[in-house]
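Fold and geometry: a report
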Amino acid sequence: MLIRGIKSKPVYTPLAPDLGGRTHLLVGFGVGAEPLTRLMADCTLAGVTKASRRLLYVTDKSASMAMHEMMRHADAGEVQLFKDSASLLSEFETILKASIMGTRLYVAGPEAFMGLVMRIAARFNLNRDEIRAEECGSPARRVHCIHCRAATEDVTTNIVQCVDCQRWLVVRDHYSRRLAAYMGVMIDAEVPGELPPIEEVFV
Amino acid sequence: MSHSHTFAVTVTAITQVTPLIKHFVLKAADGAQMPSFSGGSHVVVVMKGATRVYRNPYSLLSSPNDLSAYEIAVRRADQSRGGSVFMHDHVTVGMTLQIAHPVNLFQLDKLALKHVLFAGGVGITAIAAQLEDLKMGAVPYELHYSVRAPDHAAFADRLLARHGDRVRIYHDSAEHRIDIEGLVAAQPLGTHVYVCGPTPMIGRVLASARAAGWAESHIHWEQFSAPPVGDPFDVFLKKSNVKVSVLPDQSLLEAIEDAGVDAPYLCRGGVCGECKCRVLEVDGVLVHNDHYLSPEEKASGTLIMPCVSRAHGKNLVLDL
Amino acid sequence: MSAVFKTDETFRDDFKYSNSPRAIRRFPLPFVEDKYMYSVNIEPHVPGPKDSITEFQFDVDEHYIGECRDREIVLKEDPLRYQALPHMMSAQWDVLELLMNHMSKDYPEQFSLSKQGNRWSWHNKLLNIKNEFTFGDPSTLPREPLDYITRQAQGDFVVMDQRDGDFYIEAGMVTTPADWSMDFDMGMSFKEWHGPVPLAHELNVFDRALKFLLNLRINEPVRRLNWTMTVNPRLDTSPEFYPRWGSDRASVTADNVADKAHIRVELQGLWRLPRSNAMLFGIRCYLISIRELATIPKWARRTHRTLRDLHPALVDYKGLTRYRDHVVNWLAPLDDGSPTTSGNAPE
Ligand code: HEM
Ligand code: FES
């Protein structure tokens, strides 16, 4: 069974303005502030108007207070700050309902957060050529237990105990956009108790 | 690509719908139901003229839900390669033609949250069948159809009767032009746009959608499979010591097989690599249509995949 | 000679499963030479010789009843093994039509279909299922069309929609997977769901296969063989239930290997579906124990050489690490080193 180097693992690239779009929706979490700030500056240079940009941001503690303040006054037509991802995601969905064709989505933050954003975007048929994403911050993973289907959040180790069924799961690179999670498979199913050392790998 | 997969149809009705457009009804020669298809499909019609064989693609305009017959509309294009002229001047009711199974390169996007379709003139054919598919579903759709009054009145009436206010007809005069720019400017997320019609109209729709910020994955226009014909050429098979003529509608591999020479193959589609063959001499150019050889191998001129590739020129010698 | 349908086979617990001499003879050994590596081994799905597994597009054999019964057991425990996204309904009818047409035409004693316009009447005599329904109206069938018909067919079925030059898994019935999860892979693109396969991406196998499949035409299906190994004749080797069957792999010994270890071959067919323009991927699975396989001397020699020399990445991917050596050692005395003829025919 292949564990690492699986091609379904998304590849992210630094954010850059998509000049084809007419409305630019920027969504970030914590340290995602940095790429988004750079993006807004690049947009201005490229002639994308401030009014066409809208920012949604989670003031997570992975970014400093100073950074949060900077985002509050970010260079966008409209700025909304949120205390957690759940409240951002629900506002994001409301915005998409009222959005029109010509919208581009830019996401920045940890993969686990971006996965949830992009999963909502997919419901509105935003395709891969309408979304750009840059990963930054914690590489901790969201892990889908293939046996009981529960999601274990913030996984930083190669092997993790499922929050629900308690099995020890090896975290594979196989990634599902629909579930916004990596696959976790029982590590000692063949010989119970045969566990390799547990190591911090997604840090 | 092998073309042996055609079947016989009988022309059961021909209507002159406009001075330039004829409408044909085709039924299976053996009386069976026509093969199912999806809206937006076309068929390649094979016509045996006196001096050559024509293979022209035509959109299916009949309903995918009525498989008693296929309907196509053919616009006479005097300057074209001759297939449409043949259809207009030589095809009569009762005649048998060969057609290939439908191919769809103009598919409706199944995840769309809304469909906006534009058609002009005879371009309505592919779209008419798509509308039948859309009518069966729950996703909103609207058609904007531009006609040169009153030429296409027959089609327009049929559409209005089937789809009511989801269809708007425009008479192609200055005061009654489709406001394409306005229509693409404010569509909800997840809308897909489709266009089929005269080249300038396709150009306007594409340009307007792009100007309004639409991404390419939401923009669709009709495409046909390239007519599967090439130029005839000759090949000499050195080991077998035979000379083979490859006809326009035959692959190199088929010609080799017809000459009784056993050549390896698996996929017959240019991907598996089984038929790879050394080129010993070539006076002319190799036309590589495969996905197997690397760009360097193709450029070297020493290898060819006979199942899909061909040659242009006087002399080709293969190690077979 | 047609199949004699067994009525009491099981693919779990007591594993009552074996191949008749006829089934062994027609087993599709996937090794056409004495070594194996991934390639774009796609060929037109044209009728093979009489009595072979490709004589018909959908092979129905002696294991039919047991396989359908095993599928019901899996679905009862894990209903998500069948899934279909809402936009795949026309593809569901396409699959139902394709299977019913072929099964009734090719096996008229077992299946019958009559049509009066859209009123269809289907009779499956092997499973004793009879239904009249209106083609195109899901409310007239006891289950969704794809669910209904694939419960009456051998092998797994995956249906993909085609968009933007790619395929996406958006419906399917997968109760006999070789360690992959359709539930996890739902919505993935061709290269994403093939992500876990080693080496093949680098060999450009998937680039080429995808280009070819995008242009696949109605009425011109293609096929390929794929293989792996399974301990015990178990059909459901899903990741979902791996905690139940994983220990099988550690249970193989030098003494039991010939009966426990099975070569599992998948005859994979691909059909362009006409109404939906979607793609059907059929995975028809054949299991043979090493002991049964070795009754054909050429196959014993060839399988010995192929497994002995198999690339380490494939040994790991196919989950053979714990017991490959037992298989190779058991086959070794049957390999006198004499050459084998090319192709997979018994001799
Ligand atoms: C289009 C329909 C197809 C589907 C739905 C499909 C599905 C799959 C799946 C789910 C796997 C298992 C991946 C995992 O470990 O999670 C797999 C493996 C594989 N597929 Fe496909 N496949 C398709 C077509 C093809 C084609 C046309 C090829 C041609 C070369 C191919 C080559 C392979 C290979 C080489 C493997 C590894 C198998 C092994 O070593 O056991 N597949 N496929
Ligand atoms: S036969 Fe497969 S590449 Fe030619």
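This text gives an overview of the structure that appears in the document.

The rules behind each value
Residues numbered from 1 in each chain as written. Chains lettered and ligands numbered in written order. Predicted model: local features only at pLDDT ≥ 70, side-chain atom pairs only at ≥ 80, totals over all residues. Heavy atoms only, no water. Phe/Tyr/Trp six-rings, centres within 6.5 Å; stacked < 30°, edge-to-face > 60°. Helix = DSSP H or I, 4+ residues; strand = E, 2+ residues; numbered from the N terminus. Buried < 20%, exposed > 50% of the residue type's maximum accessible area, 1.4 Å probe, protein only. Contact = heavy atoms within 4.5 Å. Buried area = accessible area lost by both parts, 1.4 Å probe. Salt bridge = Lys/Arg side-chain N within 4 Å of Asp/Glu carboxyl O. Nonpolar A, V, L, I, M, F, W, Y, C, P; charged D, E, K, R; others polar. Near = heavy atom within 4 Å. Polar contact = N/O pair within 3.5 Å; in protein donor to acceptor, adjacent residues only side chain to side chain. Pairing = 2+ DSSP bridges. Patch = residues over 30% accessible without salt bridge, like charges linked within 9 Å, V, L, I, M, F, W, Y side chains within 5 Å. Areas by Shrake-Rupley, 256 points an atom, 1.4 Å probe, with all protein chains shown as cover. Core = buried A, V, L, I, M, F, W, Y, C linked by side-chain atoms within 4.5 Å. Axes fitted to C-alpha atoms, helices over the stretch in contact; angles between N-to-C directions.

Focus on the packing of aromatic side chains
Residues and elements named next belong to chain C. With the rule as written, the count across this model stands at 21 aromatic pairs over all chains. Aromatic side chains Trp120 and Phe133 sit 6.0 Å apart centroid to centroid with 55° between the ring planes, which places their arrangement in the tilted category. Placement of Trp120 in strand β4 (residues 119–124) and of Phe133 in strand β5 (residues 129–134) is noted, with a sequence separation of 13 residues between them. The buried category is assigned to Trp120, whose relative accessible area is 4%.

Structural notes on the interface of chain C and chain A
At the interface, 32 residues of chain C touch 28 residues of chain A. Overall, the association of chain C and chain A removes approximately 2500 Å² of surface from exposure, summing both partners, and the carbon and sulfur fraction of that is 52%. Joining chain C to chain A, the criterion identifies ten salt bridges. One salt bridge connects Arg177 of chain A with Glu192 of chain C, and the closest N-O pair in it is separated by 2.9 Å. Elements represented by at least two residues in the side of chain C that touches chain A include exactly α5 (182–185), α6 (190–193), α8 (242–245) and α12 (312–317) of chain C. Split into classes, the residues belonging to the side of chain C that touches chain A amount to 14 nonpolar, seven polar and eleven charged.

Describing the site of ligand 1
Residues and elements named next belong to chain C. Close to ligand 1 lie 20 residues; Tyr38, Trp193, His194, Tyr317 and Lys318 are nearest. Within the side chain of His194, one N or O atom sits 2.8 Å away from a nitrogen atom of ligand 1. Lys318 places a polar side-chain atom, nitrogen or oxygen, 2.8 Å from an oxygen atom of ligand 1. Contributing elements (two or more residues each) for the shell around ligand 1: α6, α7 (205–214) and β8 (222–231). It is α7 that provides the largest number of residues to the shell around ligand 1, a total of four residues. Split into classes, the residues belonging to the shell around ligand 1 amount to 15 nonpolar, three polar and two charged.

Structural notes on the pairing of strand β4 (residues 53–59) of chain B
All names here are of chain B. Counting buried residues in β4 gives six out of seven residues, a clear majority hidden from the surface. Bridge count between strand β3 (residues 41–48) and β4: seven bridges; the pairing is antiparallel. Within β4, the residue paired with Met47 across the bridge is Tyr54. In this antiparallel pair of consecutive strands, β3 and β4, the connection spans four residues.

Quick word on the environment of Phe241 of chain C
Residue and element names in this part refer to chain C. Following the sequence through the fold, Phe241 ends up in the loop between β8 and α8. Spatially, the C-alpha atom of Phe241 lies 41 Å from that of Pro339, the residues being 98 residues apart in sequence. When neighbours within four sequence positions are excluded, Phe241 is seen to be in contact with Glu77, Asp78, Arg81 and Asp236.

Notes on the pairing of strand β9 (residues 261–272) of chain C
Residues and elements named next belong to chain C. For β9, a buried count of twelve out of twelve residues is recorded, marking the element as mostly surrounded by other parts of the structure. Along β9, one buried face is formed by Ala261, Ile263, Val265, Leu267, Gly269 and Trp271 and the opposite face, lined by His262, Arg264, Glu266, Gln268, Leu270 and Arg272, is buried too. Pairing of β8 with β9 involves ten bridges; the strand directions are antiparallel. Residue Arg224 lies in a different strand from β9, and its bridge partner there is Gln268. Here eleven bridges tie β9 to strand β10 (residues 279–289), and the two strands are oriented antiparallel to one another. By the bridge assignment, Leu270 is partnered in β10 with Phe281. Taken together, β9 and the strand that follows it, β10, pair antiparallel across an intervening segment of six residues, in which Asn277 is found at a positive phi of about 60°.

Quick word on the side chain of Ser217 of chain B
Positionally, Ser217 of chain B belongs in the loop between α5 (199–211) and β12 (219–221). For Ser217 of chain B, a relative accessible area of 6% gives the class buried. Side chain to side chain, Ser217 of chain B and Asn127 of chain A meet in a polar contact 2.8 Å long. Among residues more than four places away in sequence, those in contact with Ser217 of chain B are Asn127, Asp129 and Glu130 of chain A, Asp109 and His192 of chain B together with Asp164 of chain C.

Points about a nonpolar patch on the surface
Side chains of Trp168, Leu195 and Ile198 of chain A sit close together on the surface and give an oily, nonpolar patch of about 230 Å² of accessible area. Leu195 of chain A sits in the partly exposed class, given a relative accessible area of 32%.

Examining the nonpolar core
Taken as a class, soluble globular proteins show a tendency for nonpolar side chains to be buried jointly. Met229 and Val327 of chain C are the most contacted members of the largest nonpolar core, which has 76 residues in total. If you tally residues by element for this core, the top one is α7 of chain C, at seven residues. For Val327 of chain C, the contacting residues outside a window of four places in its chain are Met229, Val257, Ala261, Ile290 and Leu307 of chain C. The next biggest cluster of nonpolar side chains, apart from the first, holds 38 residues, and it includes Leu89, Ile131, Ala133 and Leu169 of chain A.

What to know about the interface of chain B and chain C
Interface size is often expressed as the accessible area that is lost when the parts come together. Counting residues at the interface gives 24 residues for chain B and 23 residues for chain C. Carbon and sulfur atoms make up 55% of the area that chain B and chain C hide from each other, which totals about 2400 Å². On the surface where chain B and chain C come into contact, there are one salt bridge. A salt bridge links Asp161 of chain C to Lys110 of chain B; the shortest N-O distance between them is 2.8 Å. At the junction of chain B and chain C, the tally comes to ten residue pairs in polar contact (both at pLDDT 80 or more). Broken down by class, the residue content of the side of chain B that touches chain C amounts to eleven nonpolar, ten polar and three charged.

A look at the pattern of salt bridges
Between side chains of opposite charge, pairing is possible as soon as their charged atoms come close. A full pass over the atoms with the stated rule returns 64 salt bridges over all chains. With a shortest N-O distance of 2.8 Å, Arg38 of chain A and Glu134 of chain A are connected by a salt bridge. Of the two residues, Arg38 of chain A sits in helix α1 (residues 33–46) while Glu134 of chain A sits in strand β5 (residues 131–135), which places them 96 residues apart along the sequence. Glu134 of chain A gets classed as buried once you look at its relative accessible area, which sits at 13%. With a shortest N-O distance of 2.9 Å, Arg308 of chain C and Asp309 of chain C are connected by a salt bridge. Arg308 of chain C sits in the partly exposed class, given a relative accessible area of 42%. Connected via shared salt-bridge partners are Arg149 and Arg178 of chain A together with Asp78, Arg81, Asp183, Asp236 and Glu240 of chain C.

Brief notes about the sheet that holds strand β11 (residues 191–196) of chain B
Residue and element names in this part refer to chain B. In spatial order, the strands read β10-β9-β8-β11-β12; together these five strands make up an open sheet with parallel pairing. Each edge of the open sheet is held by one strand with a lone partner, namely β10 (167–171) and β12. Strand-to-strand twist in this sheet, taken as the mean axis angle between neighbours without regard to direction, amounts to 15°.

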